[in-house]
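Structure at a glance
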Amino acid sequence: MIFRPSRKLAGLTLAATLFAGTAHAQTATEVPRLVTRDGHHALMVDGAPWLMLGAQVNNSSNYPAMLPKVWPTIHAMHANTVEVPIAWEQIERTEGQFDFSFLDQLLAEARQNKVRLVLLWFATWKNTSPNYAPAWVKLDNARFPRMTNAKGRRITRCRRSIGRRWRRTSAPSSS
């Protein structure tokens, strides 16, 4: 069976690898890109084809205390890339106040371990459950409405329209 990625998947892979390239080489000479030649596709990173030998950490391993256990496992697997979830609640625990300290630590340790990094953003879309959203989103059902089932009962999952609604309510005021 031949796997032929869709353009959307290829674009997402490229976007993730763009970020991953910065975690490995602080002074990358070239932006990662997809190259097509004679019907074949290659992901070029730092000017050479890149084969991702990746591993993904558990959802519960996306905190600083867990990182010392992550790197030896990645090395034992001979992986060159690690996928790590980043939860919205880690970055914006309080609305409008951003804390990138875990991300900074993760980038530094990925560089130190010579491993590429792919970030998995967990926000309102992780299995449609708000588990990784900050409390201020989970507790504000008026601003961040939940889905309803066929009987009209509200369930914990955020509606798909939450992104559009949030952008409208968080736009800068003109006053």
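Residues numbered from 1 in each chain as written. Predicted model: local features only at pLDDT ≥ 70, side-chain atom pairs only at ≥ 80, totals over all residues. Heavy atoms only, no water.

Attention shifts here to the overall build of the chain. Tallying secondary structure elements over the chain gives six helices and eight strands in all. Listed by position from the N terminus, the elements making up the chain come as α-β-β-β-β-α-β-α-α-β-α-β-β-α. Considering the chain as a whole, with its 175 residues, one finds that 34% of them fall into the buried category. In the chain, once contacts between residues fewer than 6 apart in sequence are set aside, the share between residues at least 24 apart is 61%. (Helix = DSSP H or I, 4+ residues; strand = E, 2+ residues; numbered from the N terminus. Buried < 20%, exposed > 50% of the residue type's maximum accessible area, 1.4 Å probe, protein only. Contact = heavy atoms within 4.5 Å.)

Under the defined criterion, the tally for this structure stands at three salt bridges. Between Glu89 and Lys138 there is a salt bridge, with the nearest N and O atoms lying 3.9 Å from each other. Pair noted here: Glu89 is in helix α3 (residues 88–91) and Lys138 is in helix α5 (residues 135–138), with a separation of 49 residues, a long-range link. Accessibility expressed as a relative area gives 29% for Lys138, which makes it partly exposed. Glu95 is paired through a salt bridge with Arg143; the nearest N and O atoms lie 2.4 Å apart. Placement of Glu95 in the loop between α3 and α4 (101–112) and of Arg143 in the loop between α5 and β7 (146–148) is noted, with a sequence separation of 48 residues between them. (Salt bridge = Lys/Arg side-chain N within 4 Å of Asp/Glu carboxyl O.)

With that settled, the discussion passes to the sheet that holds strand β2 (residues 40–45). The three strands lie next to each other as β1-β2-β3, forming an open sheet whose pairing is antiparallel. Sheet topology places β1 (33–37) and β3 (48–49) at the edges, where each strand pairs with a single neighbour. (Pairing = 2+ DSSP bridges.)

Glancing now at α4. Spanning twelve residues, α4 covers 16 Å between terminal C-alpha atoms, matching the ideal 16 Å at 1.5 Å per step. Regarding α4, the residues found buried are Phe102, Leu103, Leu106, Leu107, Glu109 and Ala110. In the segment just after α4, Lys114 is the residue with positive phi, at about 55 degrees. (Expected span 1.5 Å × (residues − 1).)

This paragraph deals with the side chain of Gln90. For Gln90, the location among the structural elements is in helix α3. Judged by relative accessible area, Gln90 falls into the buried class, the value being 10%. Reaching out from Gln90, the side chain makes a polar contact with the backbone nitrogen of Ala87 at a distance of 2.7 Å. Those residues within four positions of Gln90 in sequence are excluded, and the remaining contacts are Asn62, Tyr63, Pro85, Asp99 and Phe102. (Polar contact = N/O pair within 3.5 Å; in protein donor to acceptor, adjacent residues only side chain to side chain.)

Any aromatic ring pair is given by two values, namely how distant the centres are and how the planes are angled relative to each other. Using the criterion set out here, one finds four aromatic pairs in the structure. Arranged with centres 5.6 Å apart and planes meeting at 85 degrees, the rings of Trp88 and Trp136 form a pair that is edge-to-face. Of the two residues, Trp88 sits in helix α3 while Trp136 sits in helix α5, which places them 48 residues apart along the sequence. For the pair shown, Trp88 and Trp136 are each scored as buried. In this structure an aromatic cluster arises from ring pairing among Trp88, Trp136 and Phe144. A cation over an aromatic ring shows up here: Arg116 above the ring of Trp50, its NZ or CZ 4.6 Å from the ring centre. (Phe/Tyr/Trp six-rings, centres within 6.5 Å; stacked < 30°, edge-to-face > 60°. Lys NZ or Arg CZ within 6 Å of the ring centre and 35° of its normal.)

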